[in-house]
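Chain by chain, the residues run as shown.
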Amino acid sequence: MNLCNPRVIRELMEEAGIRFRRDLGQNFLVDPNVPEEIADAAADDPSAVILEIGPGIGCLTAALAERYRRVVSVEIDRGLIPVLGKTLSDYRNVTVVNADCMTADLAALLSEAAGGGVPGVDFPVAVAANLPYYITTPILLRLLESGIRFSRITVMVQKEVADRLAAAPGSRDYGAITAVLGYYGTATRRFTVSPGSFLPPPAVSSAVVSIDLYREPAFKPLSEKTFFDTVHAAFEQRRKTLVNALSARFSDLGKEWIAGIVVSCGHPADIRGERLSTGAFVALSDALFRARNRIGTETD
Ligand code: SAM
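About the thresholds
- Residues numbered from 1 in each chain as written.
- Predicted model: local features only at pLDDT ≥ 70, side-chain atom pairs only at ≥ 80, totals over all residues.
- Heavy atoms only, no water.
- Near = heavy atom within 4 Å.
- Polar contact = N/O pair within 3.5 Å; in protein donor to acceptor, adjacent residues only side chain to side chain.
- Areas by Shrake-Rupley, 256 points an atom, 1.4 Å probe, with all protein chains shown as cover.
- 1 Å grid on protein atoms, 1.4 Å probe; cavity = no way out; pocket = protein on both sides within 12 Å on 5 of 7 lines; lining within 4 Å.
- Sits in = over half its atoms within 2 Å of the grid points.
- Helix = DSSP H or I, 4+ residues; strand = E, 2+ residues; numbered from the N terminus.
- Nonpolar A, V, L, I, M, F, W, Y, C, P; charged D, E, K, R; others polar.
- Core = buried A, V, L, I, M, F, W, Y, C linked by side-chain atoms within 4.5 Å.
- Buried < 20%, exposed > 50% of the residue type's maximum accessible area, 1.4 Å probe, protein only.
- Domains from an automatic or database assignment.
- Contact = heavy atoms within 4.5 Å.
- Pairing = 2+ DSSP bridges.
- Right-handed = clockwise from strand over helix to strand, strands pointing away.
- Axes fitted to C-alpha atoms, helices over the stretch in contact; angles between N-to-C directions.
- Salt bridge = Lys/Arg side-chain N within 4 Å of Asp/Glu carboxyl O.

### Description of the site of the ligand
Near the ligand lie 23 residues; those nearest to it are Leu29, Gly54, Glu75, Asn130 and Tyr134. Gly54 is positioned with one of its backbone polar atoms (N or O) 2.8 Å from a nitrogen atom of the ligand. A distance of 3.3 Å is found between a nitrogen atom of the ligand and a backbone nitrogen or oxygen belonging to Pro55. When the ligand is considered free in solution it has 600 Å² of accessible area, and contact with the protein chains removes 99% of it. Cavity membership is defined here by more than half of the atoms lying within 2 Å of grid points; on that basis the ligand lies in the largest cavity. Elements that contribute at least two residues to the shell around the ligand include exactly β1 (28-29) and β3 (70-75). For the shell around the ligand, the class distribution of residues is 13 nonpolar, six polar and four charged.

### Section: the nonpolar core
Counting 67 residues, the largest nonpolar core has Leu51, Phe150, Ile153 and Leu246 as the members making the most contacts within it. Split by domain, the residues of this core number at least three in each of domain 1 (6-213) and domain 2 (224-299). Residues in contact with Leu51, not counting those within four places in the same chain, are Val72, Val74, Leu106, Leu110, Ala126, Val127, Ala128, Leu143 and Phe150. In this structure, Leu12, Leu80, Leu88 and Val208 belong to the second largest nonpolar core, which totals 38 residues.

### Re the pairing of strand β2 (residues 49-53)
Counted residue by residue, β2 has five buried out of five residues, so it is predominantly covered. Because side chains alternate across β2, one face comprises the buried residues Val49, Leu51 and Ile53, and the other comprises Ile50 and Glu52, equally buried. In the sheet, β2 pairs with β3 via five bridges, with the strands oriented parallel. Residue pairing in the sheet places Ile50 in a bridge with Val71 of β3. The β-α-β motif built from β2, the intervening helix α3 (residues 59-65) and the parallel element β3 has right-handed crossover chirality. Pairing of β2 with strand β5 (residues 125-130) involves five bridges; the strand directions are parallel. Across the sheet, residue Ile53 finds its bridge partner in β5, namely Ala129.

### As for the sheet that holds β3
The strand order across the open sheet built from seven strands is β4-β3-β2-β5-β6-β9-β7, with neighbouring strands paired in mixed fashion. Of all the strands in the sheet, the pair left with one neighbour each is β4 (94-98) and β7 (185-193). With direction set aside, neighbouring strand axes in the sheet form an average angle of 20°. Its contacts with the sheet place helix α2 (residues 33-42) against β2, β5, β6 (152-158), β7 and β9 (206-213), and it is angled at close to 150° to β6. Relative to the sheet, helix α5 (residues 106-113) contacts β2, β3, β4 and β5, its axis offset from that of β3 by approximately 145°.

### Regarding the environment of Val72
Considering the arrangement of structural elements, one finds Val72 in strand β3. Distance in space between the C-alpha atoms of Val72 and Glu15 is 25 Å, their sequence separation being 57 residues. When sequence neighbours within four positions are dropped, the list of residues in contact with Val72 reads Val49, Ile50, Leu51, Glu52, Thr95, Val97, Leu109, Leu110 and Ala113.

### Observations regarding the pattern of salt bridges
All told, the structure shown has 13 salt bridges when counted by the stated rule. Salt-bridge contacts for Asp40 lead to Arg67; the nearest nitrogen and oxygen are separated by 2.8 Å. Here the residue Asp40 occupies a position in helix α2, and Arg67 occupies one in the loop between α3 and β3, the gap between them amounting to 27 residues. Across the pair Arg149 and Glu216 runs a salt bridge, and its minimum N-O distance is 3.8 Å. On the criterion of sequence distance, the pair formed by Arg149 in the loop between α6 (136-145) and β6 and Glu216 in the loop between β9 and α9 (224-236) is long-range, its members being 67 residues apart. Relative accessible area serves as the criterion here: at 43%, Arg149 is assigned to the partly exposed category.

Right, dumping it as structure tokens:
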């Protein structure tokens, strides 16, 4: 069955009595090369267990199942589950779970599918997905912050998000998500995909990005909470200088002290947050953490 053929997709959905759900970001791939390329990129190790978010009717799932030991596919739309039962019936190494990827216990699902063990420790795990665009950033943050040691996360996202994820400090696209992502790994843009490669076509262009996660933490801030607070404060008020943006969040320290800290970290006093790399944010957050400890306002 050609799962990238628009006629086949329509027939499968008609038989199941379901329609495309725009509210769930359902834009299914109809260019057969794209799932193959995402699957090729997903992991280096065929013994990996792959977590797929949103299998749809299963075109990427099938490409993953042909290459890797096991695939765990989490689909929120109950109406698609019987369709997937049919389209993936040839694959013994696929587990389809009807759940919301934002609340599901992903580590438990991966462990169960692999027959036990800690994912990322006892067996390699990676993520591959054509993500629903209404919830791209929350899903990425949930995966990054899950504590699961994925080797790589390869996802189709809106082109604008791909630009953000792979942006260099100081560039127009650099934002909080770029600095946060840099804490966990490095992003590489692989290729762009035009709206015509999907059914129905989305309003925007798309791109596939791989995030290679650090095996060991690359940064060890004194306080993770202060690091994330510093990054978010810096970008909440993007048009302000870093000193002004931080003064709003760390009001206990006062603007003058914060200016002194920013300068002591080697930056001009009027620098803006988007010029700081992840490492520079870590160093700055350590200095802020120490200052707050000195006056007893640090609660972490
Ligand atoms: N993988 C298929 C493909 O490439 O043709 C479908 C991709 S489509 C862009 C996104 C899929 O994610 C849809 O099947 C949608 O129902 C599913 N989805 C949306 N929100 C979800 C959530 N919170 N948890 C799990 N799946 C979700």
